[in-house]
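Coordinate analysis (summary)
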Amino acid sequence: MFESLIGLVAIIALFVIVSRQQSRIGLVERELGALRSLVLSGVVPSKARPSEQAPPDSARADVVPAVAVAADISSPAISEPVVAQAPPATEEEAPIDEAGPWAPSKTAPKAAEPSAPAAPARAARQSDVETALGTRWAVWVGGIALALGGLFLIRYTIEAGIFGPGVRLTMAAVLGLVLVAGGEFIRRTGFRVPVQGVAGAYIPAILTAAGAFILFGTVYAAYGIYGFIGPAFAFTLLGAIGVATIAAALVHGQALAGIGLVGAMVTPVLVASQAPNPWALFGYLAIVLAATGVIARMRDWKALMAAAFFGTGAWTILYMTDAPQANLSAILFIDAVTLAVLALVWLGRRGDESVQARVFDWPSIVPGLFVAFSALGLSVDPVFIAAGDALPGAVVIAALVAVALYRPLALPLLYAAGLVTVLIYLGIIPPTSIVSDLSGGALGVDGLPVATSNALTMRIGIALGLVFIGTGFWAARRFAAGTQIRPASWAAWGVIVPLVILLALWFTFGNLDRDFVYAAVAALLVVVFAAGGEWIARAEDPPLKGGIAVSFALGGAAVAGLLMLHMAFDSGWTTILLGAAAIVPALATRWRSYPVLGWISVGAVIAVLGRVAFDPTIVGAEFLSTTPVFNWLLPGYGVPALAFGFAAWQLARMTNGRPRLAMEAAAALFALLTLAMLVRHAMHGGVIDTGAMTLAEQAIYTLIAIGAGAILVAIDMRSPSSVLRYGSMAAGVISVAFIVVRHFAVLNPLFTDESTGRIPVFNLLFLAYLLPAVAAGGLALYARDKRPKWYAQMLAVVAAVLALAYATLSVRRLFKGEFIGLWSGLGQLETYTYSALWLIIGVALLTAGVWLKSQVLRIASAALIAIAVLKVFIFDMSELEGVLRALSFIGLGAVLIGIGLFYQRLLTRAAKSEVG
C-alpha cells in the first residue's frame, strides 16, 4: 500500500509539472510571436550613439552579471518565464554568447545581419528536440527518481534489517531536508540563468519537490507504520510540510505549490483518529486555504486557487454526508472562511480595470458551488432540518449573495445562490397539488419529502425573496452602464427567485382555487418589477434603451401578472383577462420604446393558447351553457382576438417589428377559432369536445377559412404586412385542402349516404358545395391582382369543381331524394341529365372565361366538355336506349359545333382588331 501511495503521488506530481511546462511553453511562443511582429513592423531600438557603441571591457563584464542576477531574482519569483532582452549588437562587436550547454560558439557573419529577425525562430526549431531531451525531461525524471530513490532506500533498509526504524526514518528525513536545502542553495548560487526556452525545467523546484515527497513519506511512516508519533503530532507535521511547500512556491513556481496543496489536502486521509474532531479538521483546512489564497493572489495562480477551494469544499461535503451528528458551527465556520478567503484575499485589491475587463472570475465557480451545496444540505436534509438548521442555511445563501455584491467578479456566487434557492422552494411543493396519485402524495427518497414546509420555511422564503429583489435591482442599476451580462444576471435572479418562492408558497400554503392574499402579493411584485425596470433603464448608457436587464425586470412583471390572474380569478375570467392584458405592454410603447414590450404581448398570446389547449371550453364542459353564440366561448375566444388585433395595431404605430407580425397572426387565428368553436358548439347541441364532424359543420369551417383569407387580403391592402400576406394565402390553401379531402372524399354524401335535408334548395348541398363555390370564386376574383397568379388560379379551379359537384349532386338528389348514396344505382334519364348538365356547365365556364379573360376557366370548360364527350361516347352509348341515346349525341354535336362557331367568330374579331 505504501508503494502504491508513493507511485500515485509521483504520477500526480508528474502530471502537474508537465501541464505547467506546456502552459509556459505556450506563453514563450506567444511572446516570441509578439516580438517578431514588432521587429517586422519596424519598431526597433534606435541606434546607439557612437560614444556608447563600444563600452569598455570592464563595463561589458559588469553588464552580463547584472543581467544574470536580474534573471536569477525574477525567474524563481514568478510563475512565468522572463525573457531578458540583451543590448543590440553593433557592427564592431559580436553578440554575447547565450548561457547553456548547447549555445552556439560562433556568431553569424555580418552579411547575415538583414535576416536577423528570423534567427530566433531557426534557433528554436534546431534546439527543440535536444532541449526537450537534455534539459526538461532529464530534470523532471531526475527529480522523480530522487524522490522514489530515497523512499526505496528506506524500504531496502527495512527489508535488509541494516538499521533500526528510528535510524532509517532519521536518514530519510535528513535526505529530504538535504534535497530542499540543495534546491535552495542552487537557486541562490549556482543557477543564475536557466537555459533559453527551458525555464519550466527549473532544477531548484524539482529538488524541493523531491524533498517534500520524502518528508511526507517519512512522517507518514513514523505514524502509520511504526507508531513513533501520535495522530495529532503527525497531523501537525504533515500539514506544516504541506503549507511550507506551498510557501516555497513563491520562489519555485506554481507546480511546487500544487504538490504541496495535494499533500496538505491528503493529510486528513492519511492520519486517522479514534475521536475525530471537526474543529481540528476545519481549522487545519482554513489555515491551508488562507495560506494558498495569499500565495495564489501574489502570483495570480488561478488554477491553484481553484484547486484549494475544491479540496476545502470536498472535505466539507464529505463531512456533512458521513457525519450523522455534524457540527453546524464547524460547517458555518469553514463556509465563512471560504467566502472570506475569496472576497478578502483572492479577489482583494482588484482594481476597477480588472472588473471592467472581465465579467467574472472563473475560480469563483468552485467555492460558489460547494458553499451553495452545503446550504442546500442544511435546508433539505431531514437530519439538519430536525436540528433547526434551515435558518443557518438561508444565512449562507444570503452570504453568497452579499459576497457577489461586494466583489463583482464573484458573479458565479449569485448563480449558485439563486439556483439553490429555486431548488429548495420547488422541493416544498406538494406533488398532489400538481398531479394526483404520485407516490401516495409524497415526493422524495425512502418516503421522506424533498423539503419540509412549515411556518419557518415561509418566513425564510419571504426574507430570501426580499434579499434577491433588493440586491438584484440595486446591482443591476449599479452595473447598467457597463457590460450587459452582469446587470442582466442580477436582474434575472432578482425576479426569478421571488417568483419561484411565491409560486411554491401558493401551491403549498395557499388556496389554489382563489386566493386574494397571494394575488395581492403578486400584484405588488408587478409594481415593484415594473418600477425596478424603469429605475434600471434610467441608469443605462444611453438612458432608457431597454437592455437585457430591463427586459428581465419587465418580463418578471408580466409573469407576476400572470400569476395574479390565476390566483384571483376563475378559469373563464383568467383566460379573458390574459388576452386583454396583451394590450397593456402594447400601449406602453407610446411612452417607452423598450424592445421587450412587444414580446410581452406575444407572451400573453402564448399563455392564452396554453389555456385554450388545456381547456377549449374556457370554463369547463360542465359549466358551459348550451345557448348558441351567447356563451363563454364568445368572450373566451373573441375578447383575446380583439385584444390581439388592437395590440398589433398599436405596435404597428410604434415599433413595426416582429412582435407586431406575431400579434397580427394571433388576432387572425383567434378570430377563426371564435367562429369555429361557436359553430361546433351550435352544431353539437352545446358540446364541443365529443361527436363526429359532419359535412355541414365542415362546410361552415371551410367558409370561415375562405372568409378569413378575404379579410386578411383586404387588411393587407390597407396596412401591408408579411404576416397578413402569407396568412391570407395560408387560409386559402387550408380551405382548398378542406374541400378536396373533406367535401369531395371523406364527407361526400355520395359515399356516406348522409341526409341532404328535406328542403328542395336550401339544404346540405347548398351549404357544402354552392356557397363554398361562390366564396372561392369571389376570393379568386378579388385576389386576382393582389396575390400570386397560381393562388387565384387554384381558387378559380376549386370554385368551378365545387359548382360542378353541386349541380351534379343536385341532379342526383332530384332523382333519388334525401339520400343520394351511390349504391342506389343510376337510371337512364338521370344518366342523360348528367351529360346535358355537364355540357351546359362547360359552355357557362367558357362564357365566363371569355368575359373575365380567364384562361383557367376556359381550360376548365374544355376539360369538362372533354369529360362529357367521353361519357357520351363510352357510357351513354352502352347504357342509354332509344330516344335518350339519340338526344345525347344530338345535344353533344350541337354544343360542339356551337363552340367551334364561337371560337371562329372570336378569332375573326381579334384579327380584324389587329388589322384595324
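Residues numbered from 1 in each chain as written. Predicted model: local features only at pLDDT ≥ 70, side-chain atom pairs only at ≥ 80, totals over all residues. Heavy atoms only, no water.

Some remarks on the overall build of the protein chain
Helix and strand counts for the protein chain come out as 33 helices and two strands. Intrachain contacts of the protein chain at a sequence separation of at least 6 include 73% that bridge at least 24 residues. Put simply, the protein chain shows about 45,000 Å² of open surface, and 70% of that area lies on carbon and sulfur atoms. (Helix = DSSP H or I, 4+ residues; strand = E, 2+ residues; numbered from the N terminus. Contact = heavy atoms within 4.5 Å. Areas by Shrake-Rupley, 256 points an atom, 1.4 Å probe, with all protein chains shown as cover.)

Re the pattern of salt bridges
In total, this model carries eight salt bridges according to the counting rule given. Put simply, R660 and E664 hold a salt bridge, and the shortest N to O gap is 2.6 Å. Taken together, the residues R660 and E664, both in helix α25 (residues 658-683) and four residues apart, mark about one turn of the helix. One exposure class covers both R660 and E664, and it is buried. Look at the salt bridges and you will find they share partners, linking E534, R538 and R592 into a network. (Salt bridge = Lys/Arg side-chain N within 4 Å of Asp/Glu carboxyl O. Buried < 20%, exposed > 50% of the residue type's maximum accessible area, 1.4 Å probe, protein only.)

Here we look at the side chain of E697
Mapped onto the fold, E697 is located in helix α26 (residues 695-718). Classification of E697 as buried rests on a relative accessible area of 0%. Residue contacts for E697: discarding those within four places in its chain leaves V679, R680, M683 and H684.

Describing the environment of W346
For W346, the location among the structural elements is in helix α11 (residues 328-346). For W346, a relative accessible area of 0% corresponds to the buried category. Spatially, the C-alpha atoms of W346 and W301 are 9.7 Å apart, while their sequence positions differ by 45 residues. The contact partners of W346, leaving out residues within four places of it in the chain, are A296, R297, D300, W301, K302, M305, V341, D361 and P363. One polar contact links W346 to D361, side chain to side chain, over a distance of 2.8 Å. (Polar contact = N/O pair within 3.5 Å; in protein donor to acceptor, adjacent residues only side chain to side chain.)

Overview of unusual backbone geometry
For the bond from D541 to P542, the omega torsion is 0 degrees, close enough to zero to count as cis. Structurally, the position occupied by P542 is in the loop between α19 (516-537) and α20 (548-568). Even without glycine at this site, L544 takes up a positive phi of about 60 degrees. By secondary structure assignment, the location of L544 is in the loop between α19 and α20. Of note in the backbone geometry, D753 takes a positive phi value of approximately 55 degrees without being a glycine.

Digging into the nonpolar core
Residues Y425 and W490 are the most contacted members of the largest nonpolar core, which totals 107 residues. Top contributing element to this core by residue count: helix α18 (residues 485-509), with 13 residues. In this structure W490 touches V401, A404, L405, L411, L414, T471, G472, A475, A476 and F479, once residues within four positions along its chain are discounted. Within the second largest apolar cluster, 30 residues are counted, among which are I706, V736, Y769 and Y806. (Core = buried A, V, L, I, M, F, W, Y, C linked by side-chain atoms within 4.5 Å.)

With respect to the packing of aromatic side chains
In this structure the tally under the stated criterion is 13 aromatic pairs. Geometrically, the ring pair formed by W506 and F507 is tilted, given 5.4 Å between the ring centres and 35 degrees between the ring planes. For W506, a relative accessible area of 7% translates into the label buried. Both rings, one in F762 and one in F766, keep their centres 5.1 Å apart while their planes meet at 70 degrees; by these two values the pair is edge-to-face. Feature note: the residues Y637, F644 and F670 constitute an aromatic cluster, connected by ring pairs. (Phe/Tyr/Trp six-rings, centres within 6.5 Å; stacked < 30°, edge-to-face > 60°.)

A word on the packing of α20 against helix α23 (residues 595-614)
Packing of α20 against α23 brings their axes to within 10 Å, and their N-to-C directions diverge by 30 degrees. What the angle tells us is that α20 and α23 run roughly parallel. Judged by the sense of rotation from one axis to the other, the crossing of α20 with α23 is right-handed. Residues S551, L554, G555, A558, L562 and H566 of α20 form the contact with α23, whose participating residues are V596, L597, I600, A607 and R611. Broken down by class, the residue content of the contact of α20 with α23 amounts to seven nonpolar, three polar and one charged. (Axes fitted to C-alpha atoms, helices over the stretch in contact; angles between N-to-C directions. Parallel < 35°, antiparallel > 145°, perpendicular 65-115°, else oblique. Left-handed = near helix turned anticlockwise from the far one by under 90°. Nonpolar A, V, L, I, M, F, W, Y, C, P; charged D, E, K, R; others polar.)

What about helix α15 (residues 390-406)?
Every α-helix winds through 3.6 residues per turn, so residues three or four apart in the chain are directed the same way. Under the 1.5 Å per step criterion, the end-to-end length of α15 is 24 Å for 17 residues, consistent within 8% with the ideal 24 Å. Within the sequence span of α15, burial applies to A390, P392, G393, A394, V396, I397, L400, V401, V403, A404 and L405. Contacts made by the buried residues of α15 are with α11, α13 (365-380), α16 (411-426), α17 (455-478) and α18. (Expected span 1.5 Å × (residues − 1).)

What about the environment of V337?
Note that V337 resides in helix α11. Accessibility expressed as a relative area gives 14% for V337, which makes it buried. A sequence separation of 55 residues divides V337 from F282, and the C-alpha atoms of the two residues are 9.4 Å apart. When neighbours within four sequence positions are excluded, V337 is seen to be in contact with A286 and L289.

Section: the packing of α20 against helix α21 (residues 571-581)
The N-to-C vectors of α20 and α21 enclose an angle of 155 degrees; their axes lie 8 Å apart at closest approach. It follows that α20 is roughly antiparallel to α21 by the angle criterion. Of the two possible hands of crossing, α20 and α21 adopt the one that is right-handed. Contacts from L562, L565 and H566 of α20 reach α21 at T574, L577 and L578.

Thoughts on the environment of Q793
Within the secondary structure layout, Q793 lies in helix α30 (residues 789-816). Along the sequence, Q793 and A783 sit 10 residues apart, while their C-alpha atoms lie 9.8 Å from each other.

Details of the confidence of the model for the protein chain
Taken residue by residue, the protein chain gives an average pLDDT of 75. The fraction at 70 or more is 65%. Counting contacts from residues 44-127, a segment whose pLDDT is below 50, to residues more than four positions away or on other chains yields 69 contacts. Every residue in residues 434-449 scores below 50 in pLDDT, and together they form 13 contacts with partners more than four places removed in sequence or on other chains. (pLDDT = per-residue confidence, 0-100.)

Topic: a nonpolar patch on the surface
On the surface, F360, W362, I365 and L369 cluster together into a nonpolar patch covering about 380 Å² of accessible area. Relative to the assigned elements, I365 resides in helix α13. (Patch = residues over 30% accessible without salt bridge, like charges linked within 9 Å, V, L, I, M, F, W, Y side chains within 5 Å.)

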